[in-house]
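Each chain, letter by letter, is given below.
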Amino acid sequence: MILLSETIKRQVSSMYHWPQVLEIPILDASTASVKKPVGLLHVNIIRARNLLKKDLLGTSDPYVKLSLTGEKLPAKKTTIKKRNLNPEWNEHFKLIVKDPKSQVLQLEVFDWDKVGGHDRLGMQMIPLQKLNTGEKRAFNLDLIKNSNVVVDSVDKKKRGILELDLRYVPFREESLKSRNANKDEYERKESTDEKSSEDDDFLSHAGLLSVAIQSAKDVEGKKKHSNPYAVVLFGGEKKKTKMLKKTRDPRWNEEFQFTLEEPPVKESIRVGVMSKGTGFHFRSKEELGHVDINLEDVVVNGRINQKYHLINSRNGIIHIEIRWTTS
């Protein structure tokens, strides 16, 4: 822990002086996979100034790519600003945080190209340990070439500045019922802090929907093979568990997360059980049943943990736990 603290201190110092060496503490992916989300990082990419000219006409088409170390989820991206060395974005993003003491926000500015790879204009990194919980902090970052290179006098090329705001907000395990019970307290708090009401409104409704597919029982289809896997459909996203071979009673114990702007009180989620063939029948698939779950009870109570009878299945049952946590 002492070694990690010293590493972070050296890195933070390097944010405000041209770095000689940029050291980044990396969260082991195997460790991150077993950690559960503990909060949301709210990122507002505001603007960039004086970016490098990469196109033949003396301009660039910049966008920002952002992600957290130790996370397997796809990186977030801003919109592309065509022919602009001083782009304005003001775009908000929310990233799931699993370990605020060791994870690092990676920021990369690219020049979009219609053909071929996109050129990186510059990058920076911010350790989450640098943030005070719940407080918004502004950053004006000098973009650098690469985090792994010892920067000498030749590399001291000005690559522009990236401006952004960050706020880390841990999840609070409370339901809508308990929030309504303490409504007066929340209103008093809001009345004393009108200045930040707009930011608070942006944060207050956001949350994380966690869907844990535990197991199923007596799932069987018309075809001979029974290699079940579960499919979760929500908000246009599709997520799958691993396939388990030759069983009618699979135990997956897999969890999926969905970051939402608003509580899903009027939405539902579908979980289906599919079976996939193996060997010569590897292309064949069969639905073994599904269930549609209304999410209003999840939002109101904060959590449901139930077994459901699968529709279009004779005796199939699936065990699902769903949690709604807010920041």
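Within an unreviewed UniProt entry, the label attached to the protein chain reads Synaptotagmin-3-like isoform X2, and the organism entered is Camelina sativa.

Novice: Explain the environment of Lys240 to me, and be specific about the residues and the numbers.
Specialist: Relative to the elements of secondary structure, Lys240 occurs in strand S11 (residues 237-240). For Lys240, a relative accessible area of 42% corresponds to the partly exposed category. Taking the C-alpha atoms as reference points, Lys240 and Val273, 33 residues apart in sequence, are found 9.6 Å from one another. With residues near it in sequence (within four places) discarded, Lys240 still touches Tyr229, Ala230, Val231, Glu254 and Phe256.

Novice: Tell me what's going on with the packing of aromatic side chains, and back it up with residues and numbers.
Specialist: A full pass over the atoms with the stated rule returns two aromatic pairs. Ring geometry for Tyr63 and Phe110: centres 5.7 Å apart, planes at 20°, overall stacked. Placement of the pair is Tyr63 in strand S2 (residues 62-68) and Phe110 in strand S5 (residues 104-111), with a sequence separation of 47 residues. The residues Tyr63 and Phe110 share a single accessibility class, namely buried. With 5.3 Å between their ring centres and 70° between their planes, Phe234 and Phe258 make a pair best called edge-to-face. In this pair, Phe234 is assigned in strand S10 (residues 228-234) and Phe258 in strand S12 (residues 251-260), connecting sequence segments 24 residues apart. Residues Phe234 and Phe258 agree in their burial class; the two are buried.

Novice: Run through the nonpolar core, naming residues and quoting values.
Specialist: Core analysis: the largest hydrophobic core is formed by 29 residues, its most contacted members being Leu209, Ile213, Ile318, Ile320 and Ile322. Membership of the second largest hydrophobic core comes to 28 residues, among which are Val43, Leu52, Phe139 and Tyr168.

About the cut-offs
- Residues numbered from 1 in each chain as written.
- Predicted model: local features only at pLDDT ≥ 70, side-chain atom pairs only at ≥ 80, totals over all residues.
- Heavy atoms only, no water.
- Helix = DSSP H or I, 4+ residues; strand = E, 2+ residues; numbered from the N terminus.
- Buried < 20%, exposed > 50% of the residue type's maximum accessible area, 1.4 Å probe, protein only.
- Contact = heavy atoms within 4.5 Å.
- Phe/Tyr/Trp six-rings, centres within 6.5 Å; stacked < 30°, edge-to-face > 60°.
- Core = buried A, V, L, I, M, F, W, Y, C linked by side-chain atoms within 4.5 Å.

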